[in-house]
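Take a look at the letters that make up each chain.
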Amino acid sequence: MSWHVPEATLRAYSDGRAGDADAWSVEAHLVECERCRHAVGGPSTDAIVSAARPAALPPQGRVRRAGRWRGAVLLTASGPAARTAWLVAAVVVLALAVAMDTTWESRGFAWLTLVAPLLPVAGVATAYGSGLDEPGEIVASTPAGGLRLLLWRTLAVLAVSVPAALLAGVWAGSPAVWLLPALGLTAVTLAVGSVTGLGPAAVAVGLGWAAAVAGPSVGEHASGPLLAPDAVTVWIPLTLAAAATVVLNQHRFAHLRRPSREA
Amino acid sequence: MTITSTHVDVRDLVVRYRRRTALNGLDLRLGAGVHGLLGPNGAGKTTLMRVLATVVRPASGGVTVLDGDVTGDARLRQVRRRLGYLPQQFGYYPRFTVREFVEYFAWLKEVPRDRIPAAVDRAIERAGLLDRADERLKRLSGGMLRRAGIAQAIVNDPDVLLLDEPTAGLDPEQRVDFRELLRVLGVDACVLVSTHLVEDVAAACADVTLLHEGRAVFRGTPAELAARGAGGDGDSPIERGYTAVLRAARSA
């Protein structure tokens, strides 16, 4: 081949400065001419060649196989109440309650009875849309946001706090009379929360429970009427009514309540 | 993907926080493409993002996203499946790895189960974080966290993507990569980017909306905004356009 690309044009081409017409004719020539191909072979050619090569991807990651079980684990295990901090707080509160009960038995006031049903109430209050759920803002924009995720997380709260309180009860040797109230108060918190927001609802339910438990025990009885064996007739209808309220009001959980942060 | 002509349609939108009115009769229609949302602090950018992301319900006005009315509840879930949202300040679970974080949102967005593993890796790769994918979030720098946030926003291949200050914390090179990603995403999705960095808008957006005190005071291309620059202050034509339009809006 007698004609070769002038060096200036070649440099312009390899730097990407050549015009379209020039670039086309240089490329047409390069296909034929090995000498000019070598002349082009600067650092930029190396870059082009390496870009054309399949990239060295990092090893395939460990995204779990997306089975139903994995989905349930992710949905339940993500709420604030599934954190170690929550578990530690629950254990400390229960241990204190048991310690108070065993130390001041004579007073006849059951701290564990007061505290155990309120643990899930506190957990539910922080489970969804609270400041403790850090990515709550993004979560609220997803289709799983709202009541669906709140119920998954409530399940997680109950799964942690009820067995913990049962163990504490076994240790303290006191009967688990609070089991039904625990479920009932959780349901009532959700029901009231659908109207007022979960935080205020939990506070109201907590104060109400404290009054119901502590009120009668100031007098003669160790536990109030709400803990008597026949209180089942109170708790079961109450729980069902609360559950129905939650279902009817489910749209109220669809958006975040507080237009909190401004900008 | 469904064919949608207007991705976002906002009519006479009003949002109030206790006493302050954040959005005051805003009208906005957006189709596919990359749209910039500019405005001073407190102009209502984040509020608009939160309403479009279906996080808060507006006081009044019509908001239609992907042909679904998001002020009601009937179509909310279908619309949310096709949304991507990156808030300005987003919290995260510090013990999650990048992969777990993105996977978590793939589940919340109800991505079909058989597509989740591939979708997660693809989103992380597009956000340029694949080499750190198994790192815990608490060990990432601010720019990397931001990219993890972008990855969760695009994991469901959203038709409407809302990014609130997405370039905060990114270094200049990452910002260039990010604009490139925006252009790719904007081919068939509606991407709304709020920012106070005027040069991001100039480089990546097909059109710009300028908010001031809860209203749109300008809508046009970056070039049109730059052409308004007479009498404004700033280092670039578009910055001068921005300040000139704002000044006119304040004195009106």
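Before reading further, recall that the structure is shown in the block above.
Just so you know, these numbers come straight off a predicted model, no measurement behind them.

1. Quick look at empty space enclosed by the protein
Residue and element names in this part refer to chain B.
1) Next: What the rule picks out here adds up to two cavities of 30 Å³ or more.
2) Next: Of the volumes computed, that of the largest cavity is approximately 70 Å³.
3) Next: As for the largest cavity, its lining consists of Gly 36, Pro 166, Thr 167, Phe 178, Arg 179, Leu 182, Val 193, Thr 195, Asp 200, Val 201, Ala 204 and Cys 205.
4) Next: Of the residues contributing to the lining of the largest cavity, the split by class is seven nonpolar, three polar and two charged.

2. Observations concerning unusual backbone geometry
Residues and elements named next belong to chain B.
1) Next: With a phi angle near 50°, Asp 12 is a residue other than glycine that sits in the positive phi range.
2) Next: Relative to the assigned elements, Asp 12 resides in strand β1 (residues 8–17).
3) Next: A relative accessible area of 47% places Asp 12 in the partly exposed class.

3. Thoughts on the sheet that holds strand β5 (residues 68–69) of chain B
Residues and elements named next belong to chain B.
1) Next: Spatial ordering of the open sheet is given by β2-β1-β4-β5, a layout of four strands whose pairing is antiparallel. Looking along the sheet, the strands with just one partner apiece sit at the ends: β2 (20–30) and β5.
2) Next: With two bridges joining them, strand β4 (residues 60–65) and β5 adopt antiparallel strand pairing. By the bridge assignment, Val 65 is partnered in β5 with Gly 68.
3) Next: Packed on one face of the sheet, helix α1 (residues 45–52) meets β1, β2 and β4 and runs near 115° to β1.

4. Side note on the side chain of Glu 165 of chain B
1) Next: By secondary structure assignment, the location of Glu 165 of chain B is in the loop between β7 (160–164) and α6 (172–185).
2) Next: Aside from chain neighbours lying at most four places away, what touches Glu 165 of chain B is Lys 45, Gln 88, Arg 146, Ser 194, Thr 195 and His 196 of chain B.

5. Structural notes on a nonpolar patch on the surface
All names here are of chain A.
1) Next: Side chains of Leu 180, Val 232, Ile 236 and Leu 240 sit close together on the surface and give an oily, nonpolar patch of about 340 Å² of accessible area.
2) Next: Per-element tally for the nonpolar patch: the top contributor is helix α13 (residues 232–248), with three residues.
3) Next: Structurally, the position occupied by Val 232 is in helix α13.
4) Next: Val 232 gets classed as partly exposed once you look at its relative accessible area, which sits at 38%.

6. Considerations on the packing of aromatic side chains
Residue and element names in this part refer to chain B.
1) Next: With the rule as written, the count across this model stands at seven aromatic pairs over all chains.
2) Next: For the ring pair Tyr 104 and Phe 105, a centre distance of 5.3 Å and an interplane angle of 65° mean the geometry is edge-to-face. An identical accessibility class is assigned to Tyr 104 and Phe 105; each is buried.
3) Next: Here a set of aromatic residues connected by ring pairs shows up, and it is made of Phe 90, Tyr 93, Phe 96, Phe 101, Tyr 104 and Phe 105.

7. As for the pairing of β2 of chain B
1) Next: When β1 of chain B meets β2 of chain B, the two strands line up antiparallel, connected through eight bridges. Across the sheet, residue Val 8 of chain B finds its bridge partner in β2 of chain B, namely Leu 30 of chain B.

8. With respect to the packing of helix α6 (residues 84–103) of chain A against helix α10 (residues 147–172) of chain A
Residues and elements named next belong to chain A.
1) Next: It is at 10 Å that the axes of α6 and α10 come closest, and there the two elements cross at 25°. Of the possible angle classes, the one that applies to α6 and α10 is roughly parallel. In this structure, α6 crosses over α10, and the sense of that crossing is right-handed. Residue-level inspection shows Trp 86, Leu 87, Leu 94 and Val 98 of α6 in contact with α10, the latter providing Val 160, Ala 164, Ala 165, Ala 168, Trp 171 and Ala 172.
2) Next: Its residues assigned to classes, the contact of α6 with α10 shows 10 nonpolar, no polar and no charged.

9. Focus on the pairing of strand β9 (residues 207–212) of chain B
Residue and element names in this part refer to chain B.
1) Next: Burial within β9 is extensive, with six of its six residues counted as buried.
2) Next: Burial along β9 is two-sided: the residues Asp 207, Thr 209 and Leu 211 and Val 208, Leu 210 and His 212 are all buried.
3) Next: As paired strands, strand β3 (residues 33–38) and β9 are joined by four bridges and run parallel to one another. Along β9, the bridge assignment pairs Leu 38 with Leu 210.

10. Points about the pattern of salt bridges
Where side chains of opposite charge bring their charged atoms close, a pairing between them can arise.
Residues and elements named next belong to chain B.
1) Next: A full pass over the atoms with the stated rule returns 23 salt bridges over all chains.
2) Next: Where Asp 134 meets Arg 99, a salt bridge forms, and the shortest distance between an N and an O atom there is 2.9 Å. Of this pair, Asp 134 sits in the loop between α4 (116–126) and α5 (142–154) while Arg 99 sits in helix α3 (residues 98–108), and the two are 35 residues apart along the sequence.
3) Next: Residue classification places Arg 99 among the buried positions, given a relative accessible area of 4%.

11. With respect to the interface of chain A and chain B
1) Next: Listed per partner, the contact involves 43 residues of chain A and 48 residues of chain B.
2) Next: Summed over both partners, the interface of chain A with chain B buries about 4000 Å², with 58% contributed by carbon and sulfur atoms.
3) Next: At the junction of chain A and chain B, the tally comes to three salt bridges.
4) Next: Residue Glu 103 of chain B is joined to Arg 70 of chain A by a salt bridge in which the shortest nitrogen-to-oxygen separation is 2.9 Å.
5) Next: The tally of links between chain A and chain B comes to 11 residue pairs in polar contact (both at pLDDT 80 or more).

Cut-offs used in this document
Residues numbered from 1 in each chain as written. Chains lettered and ligands numbered in written order. Predicted model: local features only at pLDDT ≥ 70, side-chain atom pairs only at ≥ 80, totals over all residues. Heavy atoms only, no water. 1 Å grid on protein atoms, 1.4 Å probe; cavity = no way out; pocket = protein on both sides within 12 Å on 5 of 7 lines; lining within 4 Å. Points joined across faces, edges and corners; volume = space filled by probe spheres on them. Nonpolar A, V, L, I, M, F, W, Y, C, P; charged D, E, K, R; others polar. Helix = DSSP H or I, 4+ residues; strand = E, 2+ residues; numbered from the N terminus. Buried < 20%, exposed > 50% of the residue type's maximum accessible area, 1.4 Å probe, protein only. Pairing = 2+ DSSP bridges. Contact = heavy atoms within 4.5 Å. Axes fitted to C-alpha atoms, helices over the stretch in contact; angles between N-to-C directions. Patch = residues over 30% accessible without salt bridge, like charges linked within 9 Å, V, L, I, M, F, W, Y side chains within 5 Å. Areas by Shrake-Rupley, 256 points an atom, 1.4 Å probe, with all protein chains shown as cover. Salt bridge = Lys/Arg side-chain N within 4 Å of Asp/Glu carboxyl O. Phe/Tyr/Trp six-rings, centres within 6.5 Å; stacked < 30°, edge-to-face > 60°. Parallel < 35°, antiparallel > 145°, perpendicular 65-115°, else oblique. Left-handed = near helix turned anticlockwise from the far one by under 90°. Buried area = accessible area lost by both parts, 1.4 Å probe. Polar contact = N/O pair within 3.5 Å; in protein donor to acceptor, adjacent residues only side chain to side chain.

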